[in-house]
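Residues per chain, in single letters:
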Amino acid sequence: MRNVLADYVRKLPIDLRTYILPFIYGLFGGLAAVAFQKLANSLFSMFWEKPSQQMPSGTFTLFSLATILAASIIAGLILTFVSRDAAGSGIPQTKVAFWRDFGFMPARVVIAKFFAGAISIGGGCSLGREGPTVHIAGALASNIAGWLGVAKQGRRPALLSGAAAGLAAAFNTPLSAITFVLEEIIEDLNNRGYLAQVLIASVTATFVCHVFLGEDPAFVIPSIGHFSSILYVLVIPAAGLATLAGVAFQKGTLIWRDKIKRVKRIPFFLKPAVGAAMNWMLGIWVFFAIGKIGVFGLGYGDLEKMSYGSISGPQALILVIAKLAATTAVYAWGGAGGIFSATLFFGAAIGLAFTDVCGPVLHLQLNDRIALTVAGMSACLGAVVRAPITSILIVFEMTHQFSFVPLLMIGTIASQAVSRALCHTNFYSEIIERDGIELERHMPPRSLASMQSRPISTFANFSPVFASSTDRDELERLCSEYPYHQFPLVMDGQLVGLIDRSEILSNRSPKVAAVPAQAIPAHSTIREAVAKMVENSLSLLVVVSTAENTIGIVTLHDVLRLQNQLSDAALL
């Protein structure tokens, strides 16, 4: 059957294939997103919403603890025995698969992420379903492309189309889904090579969502008409505070995550349960304090109440403190879920609390309260994800109110300024860095300026062929095995110099003399390295990383290859 499908697709005209394949990816991505959302929502309704309303407080306390621990252990077992790559949000894994693995993802990721994610979120863990939906739909599209005869090296369009379809169906916001994959995964809003395919997949998935879930977005923000003009000033400190909450979440989560990864005494499948236990302690405290369950699961019920003004400022402050700590714990301990809904929750609560402080003094109305709540959502999401256009569009698509856009834009500018001052990159990219993946090695530079400003370490070879002795026999053996013109001489871990191939082959003395090597620190830019090679007529430059005590090399061949990548990127 697979061969029949592949043969049929190959016979289609290229132009027609370009439009049909994204439709298929969007269709199945949308169906997967709908199924994931329905399963997670059904589990949460069954085990949290109804019991919290119907059970006595003491019974609900024990029932909720058993539920969240059981769900986390089941999810941990799925991650352990099916795919550990399904832990976390899924956006970093999608980004790595797109750039490093040409869009290929194994099928087991779809299964593990779908069930582990739905069980974790439906079981009460404070995680989001948008990132997992992107991961599931992207991985599913990658495997569908394989079934249709697309080689592993050619699945980037499929992965990107599936990712856009997943987010479009998760929030019912097709425009922000398109901008998100361009801003976050490709990191280039000017890219036109994938735009048509992403657009088709996003529209298709949105149609599927409308058929099965209706036309409303994930949660509804009320229409408010007009708001006070003073909000154009107040939105700046509100967005700044929302951003600080996002920054605290990013730094705290990733530092804690690094430490937990080194913990070996706790089995991998039990680690999510540790975070879930912390989540439960915080959530049950909030439940008894103010009668809300927003610390558990997505929190969309309490988030909608905030946007409608049904939650007070003090209640919002309690919720954001507990929700931030709970999400940090669950994510750091390896839960299978995302951060989109959590950051929206943080921002909304901060905006609401800020409005309650300013309201009595400035005589703010309900519409003003809602407007700053919505602006806080956009600011916090944009700061953590570092996708400002997406953060504006996603709120605009939820409200369908153009009057919000200038307010959101001002808040976004403020949030980007604060987040870029306090964090060197966004949440997802920092995870990739901390996991030791040098994604820049696989990403072509966008322009000559961006190429030249990169550290030389991003494309230097830190595993070159070294000479460890000046003995002629040893050096002649190197010449016979490798065609290189020069060999770095490293003795006792220290760089001594360079040995030329011509010197080895022409001089018959027992020892071969080394010539001084030109070295450059690993943090130097490509511009500085190339300038040094040109000024000194060098074909090889030694790159020294003092922090990691490693020695590498960069050659003129490497520079030419990078320039070739730059020309390829310009064609996208």
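As the structure is a computational prediction, the values presented were derived from the model and not from experiment. (Residues numbered from 1 in each chain as written. Predicted model: local features only at pLDDT ≥ 70, side-chain atom pairs only at ≥ 80, totals over all residues. Heavy atoms only, no water.)

### Focus: helix 16 (residues 388-399)
Relative to the 16 Å expected for 12 residues at 1.5 Å per residue, helix 16 spans 17 Å between its end C-alpha atoms, a close match to the ideal helical length. With 10 of its 12 residues buried, helix 16 lies for the most part within the structure. Every buried residue of helix 16 is listed here: Pro-388, Thr-390, Ser-391, Ile-392, Leu-393, Ile-394, Val-395, Glu-397, Met-398 and Thr-399. Close packing links the buried residues of helix 16 with helix 7 (156-171), helix 8 (174-186), helix 14 (340-362), helix 15 (366-385) and helix 17 (404-422). Where helix 16 ends, the next residue or the one after it, His-400, has phi of about 60°, a positive value. (Helix = DSSP H or I, 4+ residues; strand = E, 2+ residues; numbered from the N terminus. Expected span 1.5 Å × (residues − 1). Buried < 20%, exposed > 50% of the residue type's maximum accessible area, 1.4 Å probe, protein only. Contact = heavy atoms within 4.5 Å.)

### Notes on the sheet that holds strand 3 (residues 519-521)
Pairing within the open sheet is mixed, and its 3 strands lie in the order 3-4-5. Every other strand in the sheet has two partners, leaving strand 3 and strand 5 (550-555) as the edge strands with one partner each. Sheet twist, expressed as the mean angle between neighbouring strand axes with direction ignored, is 35°. Strands in contact with helix 22 (residues 526-535) are strand 3, strand 4 (540-545) and strand 5; relative to strand 4, the strand with the most contacts, it is inclined by about 140°. (Pairing = 2+ DSSP bridges. Axes fitted to C-alpha atoms, helices over the stretch in contact; angles between N-to-C directions.)

### Regarding the packing of aromatic side chains
Each aromatic ring pair is summarised here by two numbers: the centre-to-centre distance and the angle between the ring planes. Taken as a whole and assessed by the stated rule, the structure comprises 21 aromatic pairs. Ring centres 5.7 Å apart and planes at 65° place the aromatic pair Phe-36 and Phe-114 in the edge-to-face group. With Phe-36 in helix 2 (residues 14-54) and Phe-114 in helix 5 (residues 107-122), the pair connects residues that are 78 residues apart, well separated along the chain. With centroids separated by 5.8 Å and ring planes inclined at 10°, the aromatic side chains of Tyr-482 and Tyr-484 adopt a geometry described as stacked. Aromatic ring contacts, followed pair by pair, group Phe-44, Trp-48, Phe-60, Phe-287, Phe-288 and Phe-296 into a single cluster. It is Arg-84 that lies over the ring of Phe-268; its NZ or CZ is 4.1 Å from the centre. (Phe/Tyr/Trp six-rings, centres within 6.5 Å; stacked < 30°, edge-to-face > 60°. Lys NZ or Arg CZ within 6 Å of the ring centre and 35° of its normal.)

### Examining the confidence of the model for the chain
Here the chain averages 89 in pLDDT, and 95% of its residues register 70 or above. Ranking the helices and strands of the chain by mean pLDDT puts helix 11 (residues 271-290) first, with 97, and helix 23 (residues 556-570) last, with 65. (pLDDT = per-residue confidence, 0-100.)

### Focus: the nonpolar core
With 121 residues, the main nonpolar core has Phe-171, Val-181, Phe-219 and Phe-427 as its most contacted residues. Listed in part, the 13 residues of the second largest apolar core include Ile-456, Ala-529, Leu-541 and Val-559. (Core = buried A, V, L, I, M, F, W, Y, C linked by side-chain atoms within 4.5 Å.)

### Focus: a nonpolar patch on the surface
Together, Ile-73, Leu-77, Phe-81, Val-82, Ile-111 and Phe-115 make up a nonpolar patch on the protein surface, roughly 530 Å² of accessible area in all. Looking at the nonpolar patch, the elements with two or more residues in it are helix 3 (57-81) and helix 5. The greatest single-element share of the nonpolar patch, amounting to 3 residues, is contributed by helix 3. (Patch = residues over 30% accessible without salt bridge, like charges linked within 9 Å, V, L, I, M, F, W, Y side chains within 5 Å. Areas by Shrake-Rupley, 256 points an atom, 1.4 Å probe, with all protein chains shown as cover. Salt bridge = Lys/Arg side-chain N within 4 Å of Asp/Glu carboxyl O.)

### As for the side chain of Asn-143
The residue Asn-143 is located in helix 6 (residues 130-147) in this model. Setting aside anything within four residues of it in sequence, one finds Asn-143 in contact with Met-105, Pro-106, Ala-107, Val-110 and Arg-155.

### Some thoughts on the environment of Leu-43
Mapped onto the elements of the fold, Leu-43 is located in helix 2. It is 34 Å that separates the C-alpha atoms of Leu-43 and Asp-101, two residues lying 58 residues apart in sequence.

### So, the pattern of salt bridges
Tallied over the full model, the rule gives 13 salt bridges. Where Lys-261 meets Asp-435, a salt bridge forms, and the shortest distance between an N and an O atom there is 2.7 Å. Here Asp-435 lies in the loop between helix 18 (427-434) and helix 19 (448-453) and Lys-261 lies in helix 10 (residues 231-261), a separation of 174 residues in the sequence. Here Asp-356 makes a salt bridge to Arg-369, at a shortest N to O gap of 2.5 Å. Residue Asp-356 is found in helix 14, and its partner Arg-369 is found in helix 15; the two are separated by 13 residues along the sequence. The network of salt bridges with common partners includes Lys-95, Glu-184 and Glu-187.

### A look at the packing of helix 6 against helix 7
The axes of two packed helices give the description: the angle between them and the distance between them. Helix 7 packs onto helix 6 with a crossing angle of 145° between their chain directions and a minimal axis gap of 7 Å. The element helix 6 and its partner helix 7 pack so that their crossing is right-handed. Contacts between helix 6 and helix 7 involve Glu-130, Thr-133, Val-134, Ala-137, Gly-138, Ala-139, Ala-141, Ser-142 and Ala-145 from the first element and Ala-158, Leu-159, Gly-162, Ala-163, Gly-166, Leu-167, Ala-170 and Phe-171 from the second. Of the residues contributing to the contact of helix 6 with helix 7, the split by class is 11 nonpolar, 5 polar and 1 charged. (Left-handed = near helix turned anticlockwise from the far one by under 90°. Nonpolar A, V, L, I, M, F, W, Y, C, P; charged D, E, K, R; others polar.)

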